Structure formats: structure tokens, C-alpha cells
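Coordinates in review
Below, each chain spelled out in residue letters.
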Amino acid sequence: MSLIRNVSLLVLAFATGVSFATALPTLWGGHLGGATLRFHMMASGAVVTMLPVYAVVQLLQRNRDAQGSMLEISVFRALLVMGVATIATMFVCMLPIASTDTMHELVELHGWFGFVLAALVALSVWIAVKMRAERSSSGHAAT
């Protein structure tokens, strides 16, 4: 179970990194197009797939182990909220219900939510590495 969690977090981190890197020009007034947009969309597909996998495995492990620091739990919850918000803003743009002005606003929100999501994914990776190092050092100290 932890292998699935670690691999899904690794893929999520890589895909989020690609999405972040391809979206950087938008911070300076640029836009996504051509190969940049293609890479962004491919990476986004991995995020949309891996976020639920990571969330379900993380929740199953948390229910079984009943542990986790307040920071870990808070970052996990924020990651889920920002992930759903990032995905939902673009999903609504794909439906024939939003006006052009609303679509522009949703795309703007999508970008900001995505940048926050990238920071939360990076923080989640840091927490996972830190927890693994703590488990390794406590395991070595016990032997």
C-alpha cells in the first residue's frame, strides 16, 4: 500500500512540476499554446488520474495506522481542496454552461489554484521524505 502511495505521489509531483513549468509564462502575461499547451494537458491528465489514487491510498493508510502530524493532515486536506478546485475550474470551462467572461475568470482561477496546488504537492513530497527519514532513523536506533 505504501508503494502505491509513494509512486502515486512521485507521478503527481512530476506531473505537477511539468504543469507548473509550462504555466510559468502566464505569470508574465504569456499564454499557453502549441507544444507548451500539449505538455501542460498531458501532465494535467496524470494529475487528474493520480490525485484520487494518492488520496484514497493515503486515507486508507491513515485509517489503518491512525497517525499523522497536524501539518501532514492539514497539507493533505489543502492538497485535496486545491486539486479539486484546480480540476473543477477547467472542467466547468469545457461544459457549454459558462459565458465567455466566466470562462476567462475560471481560467484565471485555474492558474492561481494550480500554482497553489504545485506548492502543496512540493510540501507533501517534503513531508513524505521527512517522515521516511524519521522512520529510518528511529528504526536504526531501535536495532
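For the structure itself, look to the data block above.
Remember, predicted model here, so these are calculated numbers, not experimental data.

Tracing the chain through its elements places P52 in helix α2 (residues 34-65). Residue P52 is classed as partly exposed on the basis of its relative accessible area of 43%.

In this structure the tally under the stated criterion is three aromatic pairs. Measuring from ring centre to ring centre gives 5.5 Å for F20 and F115, while their planes differ by 90°; the resulting arrangement is edge-to-face. Here F20, found in helix α1 (residues 2-23), pairs with F115, found in helix α4 (residues 100-142); they are 95 residues apart in sequence, far enough to count as distant. Here the aromatic cluster, defined as three or more aromatic residues joined through ring pairs, consists of F20, W112 and F115.

Here T89 shows up in helix α3 (residues 70-94). A residue is classified by how much of its surface remains accessible, and T89, at 7% relative accessible area, is buried. In this structure T89 touches L106, L109, H110 and F113, once residues within four positions along its chain are discounted.

The next subject is α1. Taking 1.5 Å per residue, 22 residues should reach 32 Å; α1 reaches 31 Å between its end C-alpha atoms and fits that length. Of the residues making up α1, those classed as buried are R5, S8, L9, L12, A15, T16, S19, T22 and A23. Angularly, the buried residues of α1 cover 160° about the axis, an arc narrow enough to put them on a single face. Residues of α1 that are exposed and angled more than 90 degrees away from the buried face: L3, L10 and F14.

With respect to the helices, strands and loops of the structure, L123 is situated in helix α4. A relative accessible area of 29% places L123 in the partly exposed class. For the pair formed by L123 and F113, sequence separation is 10 residues and the distance between their alpha carbons is 15 Å.

On to the side chain of S19. Inspection of the secondary structure puts S19 in helix α1. Judged by relative accessible area, which is 11%, S19 ranks as buried. S19 has contacts with H40, A43 and S44, leaving out every residue within four places of it along the chain.

Calculation notes
- Residues numbered from 1 in each chain as written.
- Predicted model: local features only at pLDDT ≥ 70, side-chain atom pairs only at ≥ 80, totals over all residues.
- Heavy atoms only, no water.
- Helix = DSSP H or I, 4+ residues; strand = E, 2+ residues; numbered from the N terminus.
- Buried < 20%, exposed > 50% of the residue type's maximum accessible area, 1.4 Å probe, protein only.
- Phe/Tyr/Trp six-rings, centres within 6.5 Å; stacked < 30°, edge-to-face > 60°.
- Contact = heavy atoms within 4.5 Å.
- Expected span 1.5 Å × (residues − 1).
- Arc of directions from axis to C-beta.

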